[in-house]
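Listed below are the residues making up each chain.
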Amino acid sequence: MCLFCSGDTKNVSHIDCRGCKKIKKIPIIPGLVILDCSGCTVLKKIPIIPGLKKLHCEGCTALTEIPIIPGLELLDCEGCTALTEIPIIPGLVILDCSGCTALKEIPIIPGLVSLNCTNTNCYELPIIPGLFKLDCNSCIFLGKIPIIKGLVSLSCRGCKNIREIPVIPGLKKLWCIE
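What counts and what doesn't
- Residues numbered from 1 in each chain as written.
- Predicted model: local features only at pLDDT ≥ 70, side-chain atom pairs only at ≥ 80, totals over all residues.
- Heavy atoms only, no water.
- Helix = DSSP H or I, 4+ residues; strand = E, 2+ residues; numbered from the N terminus.
- Rg over C-alpha atoms; globule rule 2.2 N^0.38 Å.
- Buried < 20%, exposed > 50% of the residue type's maximum accessible area, 1.4 Å probe, protein only.
- Contact = heavy atoms within 4.5 Å.
- Areas by Shrake-Rupley, 256 points an atom, 1.4 Å probe, with all protein chains shown as cover.
- Patch = residues over 30% accessible without salt bridge, like charges linked within 9 Å, V, L, I, M, F, W, Y side chains within 5 Å.
- Salt bridge = Lys/Arg side-chain N within 4 Å of Asp/Glu carboxyl O.
- Lys, Arg positive; Asp, Glu negative; His and termini not counted.
- Charge placed at Lys NZ, Arg CZ, Asp CG, Glu CD.
- Pairing = 2+ DSSP bridges.
- Axes fitted to C-alpha atoms, helices over the stretch in contact; angles between N-to-C directions.
- Core = buried A, V, L, I, M, F, W, Y, C linked by side-chain atoms within 4.5 Å.
- Disulfide = S-S within 2.5 Å.

Enquirer: Where do I start with the overall build of the chain in this structure?
Expert: Helices and strands together make up the secondary structure of the chain, namely one helix and nine strands. When the helices and strands of the chain are read in sequence order from the N terminus, they spell out α-β-β-β-β-β-β-β-β-β. Over its C-alpha trace the chain gives a radius of gyration of 17 Å, about what one expects of a compact globule, namely 16 Å for 178 residues. On the principal axes, the C-alpha backbone points of the chain span a range of 55 × 25 × 20 Å. Taken over 178 residues, the chain has a buried fraction of 48%. Look at the contacts in the chain between residues 6 or more apart in sequence, and 0% of them connect residues 24 or more apart. Surface summary for the chain: the accessible area is close to 9,100 Å², and the carbon and sulfur share equals 59%.

This is the structure we're talking about:
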């Protein structure tokens, strides 16, 4: 039984309720820093949890929105197939929205260092200053890779509509083989 189901959430900084099929709503828990609700397939919404730094909600297939959580540093929403947009979250450093097949665009998130948008339906990607790593494999609608100053690692395998890779100063790792 996960902590939410038991109701015992006092003085908790990390909650791991992966795979719980009963959670429909997550309560606001003061002091919570890490929340892993991956695989909670009936969860539709996550509240604004002040102080939350890491949110793992991979495979939450009913999740339709992510709130703006100031101070959130890591958002892993891989496989959230009902998610149609990613909000601009100040302070976000790592974003993994791979497999979010309803996602058609990625916003400009200042300070973002790593972005994995593999297997999304994005037509274009924004120029995100300071982005260090970009994985956009199997984005079949993606037509071009933006020139992002400071990008060091780029993986764009399976992006069938990309005809050329631009010159990106400083790029050290490139994966684009079909």
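Enquirer: Sorry, what's going on with a nonpolar patch on the surface here?
Expert: A cluster of nonpolar side chains, namely Tyr123, Ile140 and Phe141, defines an oily patch on the protein surface of about 290 Å² accessible area. Secondary-structure assignment places Tyr123 in the loop between strand 6 (114-116) and strand 7 (133-135).

Enquirer: Please explain the environment of Ser138 as it appears in this structure.
Expert: With respect to the helices, strands and loops of the structure, Ser138 is situated in the loop between strand 7 and strand 8 (153-155). Separated by 20 residues in the primary sequence, Ser138 and Thr118 place their C-alpha atoms 5.9 Å from one another. What Ser138 contacts, discounting residues up to four positions off in sequence, is Asn119, Thr120, Arg157, Gly158 and Cys159.

Enquirer: Where do I start with a negative patch on the surface in this structure?
Expert: A surface patch of like charges, here negative, comprises Glu65, Glu85, Glu105 and Glu124. With respect to the helices and strands, Glu124 occurs in the loop between strand 6 and strand 7. The exposure class of Glu124 is exposed, given its relative accessible area of 55%.

Enquirer: Sorry, what's going on with the sheet that holds strand 8 here?
Expert: What holds strands together in a sheet is hydrogen bonding between their backbones, with the strands either parallel or antiparallel. On the basis of which strands lie adjacent, the open sheet formed by nine strands has the order 1-2-3-4-5-6-7-8-9 and parallel pairing. One side of each edge strand has no neighbouring strand; the edge strands of this open sheet are strand 1 (14-16) and strand 9 (173-175). Direction aside, the axes of adjacent strands within the sheet are offset by 5 degrees on average. Pairing between strand 4 (residues 74-76) and strand 5 (residues 94-96): three bridges, direction parallel.

Enquirer: Just checking my understanding: could you explain the side chain of Ser38 for this structure?
Expert: Structurally, the position occupied by Ser38 is in the loop between strand 2 (34-36) and strand 3 (54-56). Here Ser38 is in contact with Arg18, Gly19, His56, Cys57, Glu58 and Cys60, once residues within four sequence places are set aside.

Enquirer: In this structure, what is going on with the nonpolar core? I would like to understand it.
Expert: The tendency in soluble globular proteins is for nonpolar side chains to be buried side by side. Of all hydrophobic cores here, the largest spans 54 residues; its most connected members are Cys37, Cys57 and Cys136. For Cys57, the contacting residues outside a window of four places in its chain are Cys37, Ser38, Ile46, Leu63, Ile66, Leu75, Asp76, Cys77, Glu78 and Cys80.

Enquirer: What should I look at first to understand the pattern of salt bridges in this one?
Expert: Think of it this way: side chains of opposite charge can pair up when their charged atoms draw near. For the coordinates displayed, the defined rule picks out three salt bridges. In this structure, a network of salt bridges that share partners links the residues Asp16, Arg18 and Asp36.

Enquirer: I tried to follow the environment of Gly31 on my own but got confused; where do I start?
Expert: Here Gly31 shows up in the loop between strand 1 and strand 2. When sequence neighbours within four positions are dropped, the list of residues in contact with Gly31 reads Val12 and Ser13.

Enquirer: What should I look at first to understand the environment of Lys54 in this one?
Expert: Mapping Lys54 onto the fold places it in strand 3. Not counting residues up to four positions away in its chain, the partners in contact with Lys54 are Val33, Ile34, Leu35, Leu72 and Leu74.

Enquirer: It is not clear to me how the state of the cysteines should be interpreted in this structure. Could you clarify?
Expert: Throughout this description, disulfide means a covalent bond between two cysteine sulfur atoms. According to the stated counting rule, one finds zero disulfides in the structure shown. Free cysteine: Cys60, not disulfide-bonded; nearest cysteine sulfur from Cys37 at 4.4 Å. Residue Cys122 stays outside any disulfide, its sulfur separated by 5.4 Å from that of Cys117, the closest cysteine. The class of Cys122 is buried, set by a relative accessible area of 0%.

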